[in-house]
Amino acid sequence: MNNILRIAVQKKGRLADDSIRLLKQAGLGIFRNPGALTCRAQGLPVELLFVRDDDIPSLVAKGVCDLGIAGENVLREEALEALAETNLQTVRALGFSRCTLKLAAPRDGGIKAITDLAGMKIATSYPEILKEFLCDQDITAECVTLKGAVEIAPALGLADVICDLVSSGATLAANGLVDFATVMQSEALLVRSPARWNDDKEALLARLLRRIDGVLASRATKYIMLNAPKDAIEDITALLPGADAPTIMPLAGRDDQMAVHAVCRETIFWDTLEQLEARGAHAILVLPIEKMMG
Ligand code: ATP
Ligand code: ZN
């Protein structure tokens, strides 16, 4: 098993689909048998282990798995709890499962700022992160740990305030809560075990990372093609977000027009397209890029 990379991923939940999608886009053939807890990928010597996200930090810290994909929030909570040695190494921030750990209180309850927290009861699934935050803010409050359904704690009289993960804010609103402070931002991270690996395994990780980097780069990047009047080319290329050295070509049969093709490494908003059009650009196409390397 020494030259196979074992990766722990969430079995089911908010991280699961995007974790598998990333690995598939990096060229791993993943055919899951329903109910199976492991899966040998095709394409590279990789085995996946499907587990609960809370178990990922310690599985990787103990070297049971070489790599893991977990939320920053879970990794930090486990590290603070010292269940997982703190020497897990983050190899990549993956940009998905973004959420924010926030403090929120009942809409009409009078708790509106961090300074109102002194002496309050705060319900959370992340007691260690919350304790660290309160300590940094020099506030003494009581933490009530709940594994789930934290949002109903105030209505049940279990707590005055909650500290919970928020993405859209819809769950908070549905429970009559309003957020008033951010404790931490989180996204999915790829972490590796602290164990020493042989050269072959290091090379395998490097190969996988190159592919993952290609996938992540292509997600943020678009290919733009447009036609424009010759005398507007300078203005137009200056408007392209994050584009280096666009390709500028003549258009057959149109002496006054040129074609511009460029890789844009930043989001192309509708505003930008409107500005391009206002400067005479037409036949504007924005295309996704599937893979990038080099
Ligand atoms: P498991 O059964 O694996 O223990 P879980 O119920 O603890 O699952 P999920 O709700 O699937 O976990 O969330 C997994 C991770 O997804 C969170 O730890 C967090 O990093 C991220 N996440 C993104 N958005 C949200 C959100 N709105 N609420 C909760 N978690 C979110
Ligand atoms: Zn969990």
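Placed above this text is the structure.
Residues numbered from 1 in each chain as written. Chains lettered and ligands numbered in written order. Predicted model: local features only at pLDDT ≥ 70, side-chain atom pairs only at ≥ 80, totals over all residues. Heavy atoms only, no water.

Asks: I'd like a rundown of the side chain of Thr272, residues and numbers included.
Replies: Along the chain, the position of Thr272 falls in helix α8 (residues 270-278). For Thr272, a relative accessible area of 12% puts it in the buried group. If we skip the residues at most four places from it in the chain, Thr272 touches Leu239 and Pro241. (Helix = DSSP H or I, 4+ residues; strand = E, 2+ residues; numbered from the N terminus. Buried < 20%, exposed > 50% of the residue type's maximum accessible area, 1.4 Å probe, protein only. Contact = heavy atoms within 4.5 Å.)

Asks: Which residues make up the sheet that holds strand β6 (residues 99-106), and what are the values?
Replies: Read across the open sheet, the five strands follow the order β8-β7-β9-β6-β10; overall the sheet is mixed. Since the sheet does not close on itself, it has two edges, and those belong to β8 (142-145) and β10 (177-186), each with one partner. Across this sheet, the average inter-strand angle for adjacent strands is 30°, counted without regard to direction. Relative to β8, strand β7 (residues 121-124) runs parallel, the two being bridged by four bridges. By the bridge assignment, Thr124 is partnered in β8 with Thr145. (Pairing = 2+ DSSP bridges. Axes fitted to C-alpha atoms, helices over the stretch in contact; angles between N-to-C directions.)

Asks: Give me the lowdown on the coordination of the zinc ion (ligand 2), citing residues and values where you can.
Replies: Angles between donor atoms at a metal ideally measure 109.5 degrees for a four-coordinate tetrahedral arrangement and either 90 or 180 degrees for a six-coordinate octahedral one. Within the protein, the atoms that donate to the zinc ion (ligand 2) are Asp53 (OD) and Asp54 (OD), at distances of 2.0 to 2.1 Å. The site at the zinc ion (ligand 2) holds four donor atoms, and with the angles between them running 75 to 174°, its shape is irregular. Given the relative accessible area of 18%, Asp53 is considered buried. Asp54 gets classed as partly exposed once you look at its relative accessible area, which sits at 29%. (Donors = N, O, S within 2.8 Å, 3.2 Å for Na, K, Ca; no water. Tetrahedral: all angles 85-135°; square planar, octahedral: opposite > 155°, others 65-115°.)

Honestly, it's all geometry; don't read function into it.
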